[in-house]
Amino acid sequence: MFNRLIQLLNKIKEISSSIDNYKKDSVIQSLPSYSCVSRAKKLIAQNKFEEAKSILEKALSLPQKDALVYKYLGVVYEKLGNPSCAVENYQMSADLDPHDKTIWQKLGFALITQNKFEQAEKSFENADKIQGTNTDTFTGWGMALMKQQKYSQAREKFMIASKINRYNFSAVFLCAVMEIKLEMYDKAEMKLTFLANVCPNESNTFEFARLKALKNDISSAVHYAKKSLEYNQNMLPAYILLGQLYANNFDKEKSLECFEKAEQRNLNSPNLYLEWAKILEKFENYNDAKLKLLKAAEMDKDNPEIIANLGLCCVKRKEFDEAKPLLTKVLEEQPENLVVKQALGIIDFENNNIDSAIELFKSDDENCVNLYYLAKCHEKKNNDTKVKDYYEAAINRNPKYISAFMDYSKYLISNSEFDEARRKLRKALKADENNIDVLNMLFYVNYVLVKDEVYEYNVKETIKIAQKIEEINPDLFQYPEQKAALEKLLHNS
């Protein structure tokens with residue numbers, strides 16, 4: 001009996017020893033990994049990312065794979081600006097521990113930076129299954145949908161995120177952005193008004209400015225765009241928007257100043273030079289516009305909008321051979337591109353293919369340049385009513401469109417409608433008071449009218465126009481003989 005007890009005790013000791021050895025082995029296996037992660041976390045908190053990376057990479061050589069090692073290695077790669085390696089390590093961590101409540105979130109956000117939006121969407125869906133009603137999960141989910149241009153679905157996710165946490169201002173802001181995309185302007189305005197009062201910053205004030213511009217509240221749009229720049233002087237979209245707003249009010253000086261300030265702050269980008277060029281073209285400065293477009297093309301040579309506008313600018317400079325390959329390249333991708341159609345319409349007009357040109361210009365008959373060329377087309381077809389209608393429409397849309405005023409006045413003069421021509425030229429001078437071409441034509445029209453009705457006041461006013469031209473540049477005055485005749489007439493009277 002005693003011997004049996006001894007044997008039983010020995011057996012128990014063996015079993016106990018094996019358990020202790022198992023525990024010891026387990027501790028040896030797990031402790032190094034745990035220790036590495038702890039040390040790496042401290043280094044990450046101190047922004048010592050390379051050191052943290054080195055420790056975690058050593059932990060990878062241990063026999064036991066630890067999800068936490070891959071997780072924090074992903075964090076380190078993200079901090080070091082290596083999103084592809086971050087994604088790879090987050091994915092490994094998620095595969096090892098698919099029930100980690102944060103790893104799917106981290107993977108989702110990392111996938112967004114890699115433009116893998118559908119995969120990101122699935123990651124956030126997994127995160128929601130593990131831990132529901134998490135505001136960050138729904139924010140990221142909405143971002144993945146937004147990047148896929150699924151604006152309505154994205155809005156729903158942002159709405160849920162902001163309901164879970166009403167202080168998630170990012171979700172509120174992105175929800176407002178989606179509502180602008182969906183033309184739900186009143187709902188967006190409520191959210192942006194709230195953000196402007198509670199947590200104003202450069203992003204939500206800029207978006208508020210953009211919304212006000214869409215609602216045609218130009219003064220408020222200017223106010224909030226300026227406010228955005230107060231929060232961040234390097235907010236490039238605010239400079240561009242301000243430039244566009246001033247241009248829409250035909251304030252050339254202030255408009256161009258916005259683009260110059262952005263360039264002075266080294267905020268150079270393809271979009272800056274593209275939008276700058278569009279404004280220069282609006283004010284008929286095609287030489288400078290082309291220089292800006294060439295800069296934009298250097299930065300983004302395959303951007304169809306830049307190529308199309310460069311082609312159009314070349315056409316307006318009558319550089320047709322340079323323009324054609326540019327326009328052809330865009331047409332291959334975007335056969336209905338309106339900028340290209342305008343350029344091709346101008347080429348057809350110059351080649352006297354009037355019917356073809358009219359069809360091309362009619363594709364966007366809200367555009368003042370197209371309206372101007374439609375007037376010129378119908379001038380060739382001798383349709384007086386349409387000529388006047390289109391010229392009127394062009395100068396109403398752009399009251400500083402000097403070329404339209406000049407050609408309209410020439411047309412009226414050719415029809416002996418001198419009084420009407422004078423009215424148009426006076427309007428043109430309001431847009432550009434020192435324009436030599438306008439002043440010369442106004443002098444000529446006044447000279448013709450004065451000859452019919454000789455009044456001292458009219459003669460003096462006409463001579464004043466000549467004197468103004470001579471003060472600017474005497475060599476550019478085209479009618480010295482007529483001026484001498486008026487001075488003689490005034491002396492004799």
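Residues numbered from 1 in each chain as written. Predicted model: local features only at pLDDT ≥ 70, side-chain atom pairs only at ≥ 80, totals over all residues. Heavy atoms only, no water.

**Some points on the overall build of the chain**
Here is step 1: A count of helices and strands for the chain gives 27 helices and 0 strands.
Here is step 2: Dimensions of the chain, computed from the C-alpha atoms along their principal axes, are close to 155 × 45 × 40 Å.
Here is step 3: Residues classed as buried in the chain amount to 44% of the 493 residues present.
Here is step 4: Of all intrachain contacts in the chain linking residues separated by at least 6 positions in sequence, the fraction that spans at least 24 positions is 48%.
Here is step 5: As presented, the chain carries roughly 26,700 Å² of accessible surface, and 48% of it is formed by carbon and sulfur atoms.
Here is step 6: In the chain, which carries 70 positive and 72 negative side-chain charges, the distance between the mean positions of the two groups comes to 7 Å. (Helix = DSSP H or I, 4+ residues; strand = E, 2+ residues; numbered from the N terminus. Buried < 20%, exposed > 50% of the residue type's maximum accessible area, 1.4 Å probe, protein only. Contact = heavy atoms within 4.5 Å. Areas by Shrake-Rupley, 256 points an atom, 1.4 Å probe, with all protein chains shown as cover. Lys, Arg positive; Asp, Glu negative; His and termini not counted. Charge placed at Lys NZ, Arg CZ, Asp CG, Glu CD.)

**Observations regarding the pattern of salt bridges**
Here is step 1: Across all of its chains, the model carries 32 salt bridges by this definition.
Here is step 2: A salt bridge links Glu189 to Lys212; the nearest nitrogen and oxygen atoms lie 2.7 Å apart. With Glu189 in helix α10 (residues 185-198) and Lys212 in helix α11 (residues 202-214), this residue pair connects regions lying 23 residues apart in the sequence.
Here is step 3: Note on Glu189: relative accessible area 18%, which makes it buried. (Salt bridge = Lys/Arg side-chain N within 4 Å of Asp/Glu carboxyl O.)

**Brief notes about empty space enclosed by the protein**
Here is step 1: Counted by the stated rule, this structure contains 1 cavity of 30 Å³ or more.
Here is step 2: As a volume, the largest cavity reaches approximately 40 Å³.
Here is step 3: In terms of lining, the largest cavity is formed by Ser33, Ala59, Leu60, Leu62, Gln64, Lys65, Asp66, Val69 and Tyr70.
Here is step 4: By residue class, the composition of the lining of the largest cavity is 5 nonpolar, 2 polar and 2 charged. (1 Å grid on protein atoms, 1.4 Å probe; cavity = no way out; pocket = protein on both sides within 12 Å on 5 of 7 lines; lining within 4 Å. Points joined across faces, edges and corners; volume = space filled by probe spheres on them. Nonpolar A, V, L, I, M, F, W, Y, C, P; charged D, E, K, R; others polar.)

**Describing helix α23 (residues 402-414)**
Here is step 1: Over its 13 residues, α23 extends 18 Å from the first C-alpha to the last, a length consistent with the 18 Å expected when each residue adds 1.5 Å.
Here is step 2: Burial runs high along α23: 10 of the 13 residues are buried.
Here is step 3: All of the buried residues in α23 are Ile402, Ala404, Phe405, Met406, Asp407, Tyr408, Ser409, Tyr411, Leu412 and Ile413.
Here is step 4: Following α23 by one or two positions, Ser416 adopts a phi angle in the positive range, close to 60 degrees. (Expected span 1.5 Å × (residues − 1).)

**Digging into the packing of aromatic side chains**
Here is step 1: Enumeration according to the criterion identifies 18 aromatic pairs in this entry.
Here is step 2: The interplanar angle of 10 degrees and the centroid separation of 6.0 Å between the aromatic rings of Tyr273 and Trp276 together place this pair among those described as stacked. Taken together, the residues span about one helical turn, with Tyr273 and Trp276 both in helix α15 (residues 270-282) at a distance of 3 residues. Considered together, Tyr273 and Trp276 belong to a single accessibility category, that of buried residues. (Phe/Tyr/Trp six-rings, centres within 6.5 Å; stacked < 30°, edge-to-face > 60°.)

**Quick look at the side chain of Lys290**
Here is step 1: By the element assignment, Lys290 lies in helix α16 (residues 286-299).
Here is step 2: For Lys290, a relative accessible area of 9% translates into the label buried.

**What to know about the state of the cysteines**
Here is step 1: Counted by the stated rule, this structure contains 0 disulfides.
Here is step 2: This cysteine, Cys368, is not joined by any disulfide, and Cys313 carries the nearest cysteine sulfur, 15 Å off.
Here is step 3: Lacking any disulfide linkage, Cys377 is separated from the closest cysteine sulfur, that of Cys368, by 15 Å. (Disulfide = S-S within 2.5 Å.)

**Considerations on the layout of surface pockets**
Here is step 1: By volume, the largest pocket is sized at about 620 Å³.
Here is step 2: Taken together, 24 residues make up the lining of the largest pocket; nearest its centre are Lys278, Glu281, Lys282, Asn367 and Val369.
Here is step 3: Broken down by element, the residue count for the lining of the largest pocket peaks at 5 residues, all from α15.
Here is step 4: When its residues are assigned to classes, the lining of the largest pocket shows 9 nonpolar, 6 polar and 9 charged.

**A few points about the environment of Gln467**
Here is step 1: Tracing the backbone through its elements, the reader meets Gln467 in helix α26 (residues 456-472).
Here is step 2: Given a relative accessible area of 36%, Gln467 falls into the partly exposed group.
Here is step 3: Sequence separation between Gln467 and Phe477 is 10 residues; the distance between their C-alpha atoms is 9.0 Å.

**Details of unusual backbone geometry**
Here is step 1: Positioned with a positive phi, Asn47 is a non-glycine residue whose angle comes to about 65 degrees.
Here is step 2: The residue Asn47 is located in the loop between α1 (2-45) and α2 (49-59) in this model.
Here is step 3: Even without being glycine, Asn216 reaches a positive phi, approximately 65 degrees.
Here is step 4: Checked against the element boundaries, Asn216 lands in the loop between α11 and α12 (218-231).

**So, the packing of helix α19 (residues 338-350) against helix α20 (residues 354-362)**
Here is step 1: Orientation of α19 relative to α20, taken along the N-to-C sense of each, is 160 degrees, at an axis distance of 8 Å. Put simply, α19 runs roughly antiparallel to α20. Taken as a pair, α19 and α20 cross one another with a handedness that is left-handed. Where α19 abuts α20, its residues Lys341, Gln342, Leu344, Gly345, Ile346, Asp348 and Phe349 lie against Ile354, Ser356, Ala357, Leu360 and Phe361.
Here is step 2: Of the residues assigned to the contact of α19 with α20, the class counts are 7 nonpolar, 3 polar and 2 charged. (Axes fitted to C-alpha atoms, helices over the stretch in contact; angles between N-to-C directions. Parallel < 35°, antiparallel > 145°, perpendicular 65-115°, else oblique. Left-handed = near helix turned anticlockwise from the far one by under 90°.)

**So, helix α6 (residues 117-130)**
Here is step 1: Between its first and last C-alpha, α6 extends 20 Å over 14 residues, near the 20 Å set by a 1.5 Å rise per residue.
Here is step 2: Listed in full, the buried residues belonging to α6 are Phe117, Ala120, Glu121, Ser123, Phe124 and Ala127. Projected onto a plane normal to the axis of α6, the buried residues spread over an arc of 160 degrees and lie on a single side. Set apart from the buried face of α6 by more than 90 degrees, the exposed residues are Glu118, Lys122 and Lys129. (Arc of directions from axis to C-beta.)

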